[in-house]
Amino acid sequence: MPRVFIKTYGCQMNERDSEQVALMLMARGYEMTETERDADVVLLNTCSVRDMAEQKAIGKMGMMSKLRERRPHMVFGFLGCMAQSRGAELVRDLGHVDLVVGTQKFHRVADYVDEVFARRAQGSMDDPRFSIVDTEEESGSQETIRDHVLDPGQVTAFVSIMQGCNMHCTFCIVPSTRGAERSRGIGEIVQEVRGLAERGVREVTLLGQIVNLYARHEFPVRDGKSPFVQLLEAVHEVEGIERIRFTSPHPIGYKEDLILAFTRLPKLVEHVHLPLQSGSAPILKAMHRTYTPDKYLDLVARIRAARPDIAITTDAIVGFPGETDADYEATRELMREVRFDNAFIFRYSQRRDTPAASLPGQVDEATKEARNQDLLGVVNEIARERNAEMVGTTQEILCEGPSKTNADRLMGRTRTNKIVIFDGEPGSIGRLLDMRIARATGFSLYGEPAIPE
Ligand code: SF4
């Protein structure tokens with residue numbers, strides 16, 4: 001059977017989409033392989049959030065034209081966000097590309113791969129430029145990312161609950177690559193989660209570009225609860241599921257009903273991701289982020305008042321157009337004030353068709369890099385301090401499997417989403433265990449079974 005290699009760039013949503021594509025191909029008899037070297041079909045599921053991610057995928061595809069010379073039957077395709085934003089241009093620029101499939105058409109990939117092979121079998125190699133480009137919108141496509149390939153013993157899974165985003169942050173290409181907000185029904189999501197629980201999954205992470213604004217235009221608020229909180233309650237009822245996470249949210253989606261949910265839904269873990277982006281009011285305004293630093297700090301205070309032990313992580317962008325030293329300093333100060341458990345720092349990347357790309361005051365790369373390194377230093381120092389503070393505490397962990405750095409040891413995650421490494425038996429995989437945190441080295445926590453009091 002033809003073998004397929006899928007390489008995924010970017011976020012968890014892309015990982016989920018690739019998983020669905022793999023499953024649909026396997027259902028038709030294709031086999032998956034770990035490398036392009038023995039593949040008959042190579043699919044790159046792309047990311048457009050930063051220019052570097054696009055260049056990596058284009059570079060990789062370019063290098064693979066050599067494989068086509070040796071194995072002319074091979075099929076090459078781009079999927080996902082860059083496929084959506086660049087479309088037919090990719091076929092024009094890279095002559096060996098057969099498929100370009102956008103973000104609302106993942107469920108058609110297997111059909112299209114079959115079609116390319118069929119055309120070739122019929123001898124249409126006389127049409128060497130035959131290719132398929134499909135970047136159309138399709139209503140209901142958000143319902144098609146719903147099946148899972150689980151590894152033996154896998155106890156965590158991602159569940160895609162919505163697609164797209166209407167927020168139009170001025171730096172972000174996602175609204176144009178993923179389209180307008182479209183949410184799945186609560187019933188369908190719960191059914192998917194039930195199926196996962198029956199297959200041994202204990203922890204689900206609900207996924208969406210603005211996950212906590214799920215279905216805000218589609219389903220009504222009931223009893224003061226947003227559609228997202230209604231969904232959390234419904235998933236909370238699923239037997240076998242022990243933990244619920246969600247990513248990636250928007251700060252404005254943390255209304256009182258969601259904050260309250262952290263106090264009354266025990267399966268909702270003590271971790272929130274609160275993308276800050278900038279600590280400067282004028283920059284937030286230019287980003288169209290619809291909150292101020294003061295409102296953000298107030299939100300952090302309210303969340304911590306509701307769940308004092310909650311971990312908070314964030315994203316920040318340095319070098320947004322017009323960012324002065326004083327603006328950057330405001331971000332740095334806010335990071336120090338909140339003391340995030342972890343933060344992802346990004347250098348601003350000019351994206352085509354986004355309002356920020358044409359703003360005056362573009363910041364030079366050297367300044368972006370200097371701010372990036374400086375802020376990373378702040379973030380890492382605080383993350384280390386926070387880890388050190390955990391030594392001696394007892395944490396519930398969900399054991400996920402062997403440690404990635406030492407297969408003789410096991411790893412699990414705390415409810416606050418920190419990785420703990422420990423010695424244990426394979427029988428522990430999939431179980432919730434109480435661990436005493438014995439030591440912390442840099443970013444790693446090491447645990448030993450807690451002795452019950
Ligand atoms: S909310 Fe997130 S996905 Fe939506 S436009 Fe802003 S950064 Fe992009």
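Fair warning: this is a prediction, and the values are worked out from it, not measured in the lab.

Draft legend 1. Local environment of unusual backbone geometry. Omega for the bond connecting Thr247 with Ser248 falls within 30 degrees of zero, at 0°, which places this linkage in the cis form. Among the structural elements, Ser248 can be located in the loop between β11 (243–247) and α10 (256–264). Located in the positive-phi region is Thr290, a residue other than glycine, with phi close to 60°. Within the element layout of this structure, Thr290 appears in the loop between α11 (281–287) and α12 (293–306).

Draft legend 2. Fine view of helix α14 (residues 365–389). Between its first and last C-alpha, α14 extends 36 Å over 25 residues, near the 36 Å set by a 1.5 Å rise per residue. Buried residues of α14: Lys368, Arg371, Asn372, Leu375, Val378, Val379, Ile382, Ala383, Arg386 and Asn387, and no others. On its buried face, α14 sits against α12, β13 (311–318), α13 (325–338), β14 (342–347), β18 (432–441) and β19 (444–449). Between the side-chain oxygen of the N-cap and the backbone nitrogen of Ala366 there are 3.2 Å, and the N-cap of α14 in question is Asp364.

Draft legend 3. Inspection of the nonpolar core at higher detail. With 68 residues, the main nonpolar core has Ile161, Leu206 and Phe246 as its most contacted residues. Apart from residues no more than four positions distant in its own chain, Phe246 is found in contact with Thr205, Leu206, Val211, Phe228, Leu232, Tyr254, Leu258, Phe262 and Leu268.

Draft legend 4. Region of interest: the sheet that holds β13. On the basis of which strands lie adjacent, the open sheet formed by three strands has the order β12-β13-β14 and parallel pairing. The sheet is open, and its two edges are formed by β12 (271–273) and β14, each paired on a single side. Between one strand axis and the next, the sheet turns through 15° on average, direction left out of account. Across six bridges, the pairing between β13 and β14 is parallel. Bridge pairing in β14 links Ile317 to Phe346. Against the sheet, α14 touches β13 and β14, its axis set at about 175° to β14.

Draft legend 5. Seen up close, the site of the ligand. Within the structure, the ligand sits among Cys165, Met167, His168, Cys169, Phe171, Cys172, Val174, Pro175, Ile210, His250 and Arg289. Looking at the shell around the ligand residue by residue, the classes come out as eight nonpolar, two polar and one charged.

Draft legend 6. Molecular detail of the sheet that holds strand β6 (residues 132–134). Pairing is parallel in the open sheet, where six strands are placed in the order β2-β1-β3-β4-β5-β6. The open sheet terminates on both sides in strands that have one partner only, identified here as β2 (31–32) and β6. One ladder, built from two bridges, connects strand β1 (residues 3–8) with β2; its direction is parallel. What sits directly across from Arg3, in β2, is Glu31. Where helix α1 (residues 12–27) meets the sheet, it contacts β1, β2, β3 (41–46) and β4 (75–79), and its direction lies at approximately 170° from that of β1. Contacting β1, β3 and β4, helix α2 (residues 51–63) runs over the sheet at an angle of about 175° to β4.

Draft legend 7. Fine view of empty space enclosed by the protein. Tallying each qualifying case throughout the model produces two cavities of 30 Å³ or more. Roughly 40 Å³ of internal volume is contained in the largest cavity. Lining the largest cavity are Thr103, Gln104, Lys105, Phe106, Ser141, Gln142, Thr144, Ile145, Gln163 and Arg182. Looking at side-chain class alone, the lining of the largest cavity contains two nonpolar, six polar and two charged residues. Its volume calculated, the second largest cavity comes out at about 30 Å³. If you trace the second largest cavity, you find it lined by Met335, Phe340, Asp341, Asn342, Ala343, Val379 and Ile382. Only β14 and α14 provide two or more residues apiece to the lining of the second largest cavity. Considering only residue class, the lining of the second largest cavity consists of five nonpolar, one polar and one charged.

Draft legend 8. Spotlight on helix α9 (residues 227–236). Of all ten residues in α9, nine are buried, a share of seventy percent or more. Those residues of α9 lying buried are Pro227, Phe228, Val229, Gln230, Leu231, Leu232, Glu233, Val235 and His236. Where α9 is buried, its residues contact α8 (186–198), β10 (203–207), β11 and α10.

Draft legend 9. Quick look at the side chain of Thr331. Topologically, Thr331 is positioned in helix α13. A distance of 2.9 Å separates the side chain of Thr331 from the backbone nitrogen of Gly279, its partner in a polar contact. With residues up to four places along the chain from it excluded, the contact list for Thr331 reads Ser278, Gly279, Ser280 and Leu375.

Draft legend 10. Structural view of the pattern of salt bridges. Following the criterion strictly, the structure yields 45 salt bridges and no others. The partner of Asp40 in a salt bridge is Arg71, with the nearest N and O atoms 3.4 Å apart. Residue Asp40 is found in the loop between β2 and β3, and its partner Arg71 is found in the loop between α3 (65–70) and β4; the two are separated by 31 residues along the sequence. For Asp40, a relative accessible area of 11% corresponds to the buried category. We classify Arg71 as partly exposed; its relative accessible area is 23%. If you follow the salt bridges from partner to partner, you end up with Glu203, Arg243, Arg245, Glu270, Arg307, Asp309, Glu396 and Arg415 in one network.

Quick notes on the rules
Sequence order sets the numbering: in each chain, residues are counted from 1 along the sequence as written. Confidence filtering applies because this is a predicted model: local features only for residues at pLDDT of at least 70, side-chain atom pairs given and counted only at 80 or more, and all residues used for totals across whole chains, interfaces and linings. In computing side-chain values, all of the structure's heavy atoms are included and hydrogens and water are not. Where helices and strands are cited, they refer to DSSP runs of H or I of at least four residues and of E of at least two residues respectively, numbered from the N terminus. By this rule, a helix spans an expected 1.5 Å times one less than how many residues it contains. Relative accessibility under 20% of the residue-type maximum defines a buried residue, over 50% an exposed one, and the middle range a partly exposed one, all with a 1.4 Å probe and only protein chains included. Whether two residues are in contact is decided by their heavy atoms, any of which lying within 4.5 Å being enough. The definition of a polar contact used here is a pair of N or O atoms within 3.5 Å, where within protein one atom must be able to donate a hydrogen and the other to accept one, and adjacent residues in sequence count solely through side-chain atom pairs. Only buried residues count toward a nonpolar core. Its members are Ala, Val, Leu, Ile, Met, Phe, Trp, Tyr and Cys residues joined through side-chain atoms within 4.5 Å. The pairing criterion for strands is at least two bridges between them, as found by DSSP. Lines are fitted to the C-alpha atoms to define the axes, a helix being fitted only along its stretch in contact, and any angle between axes, read from their N-to-C directions, falls within 0 to 180 degrees. We call a residue near a given molecule or strand whenever any one of its heavy atoms falls within 4 Å of it. Residues were grouped as follows: Ala, Val, Leu, Ile, Met, Phe, Trp, Tyr, Cys and Pro as nonpolar; Asp, Glu, Lys and Arg as charged; and all remaining residues, including Gly, as polar. The rule is simple: put a 1 Å grid over the protein atoms alone, call a set of points where a 1.4 Å probe fits but cannot get out a cavity, call an open set with protein on both sides within 12 Å along at least five of seven lines a pocket, and count a residue as lining if it has an atom within 4 Å of a point. Grid points are joined across faces, edges and corners, and a volume is the space filled by probe spheres set on the points. Only one rule defines a salt bridge in this text: a Lys or Arg side-chain nitrogen within 4 Å of an Asp or Glu carboxyl oxygen.

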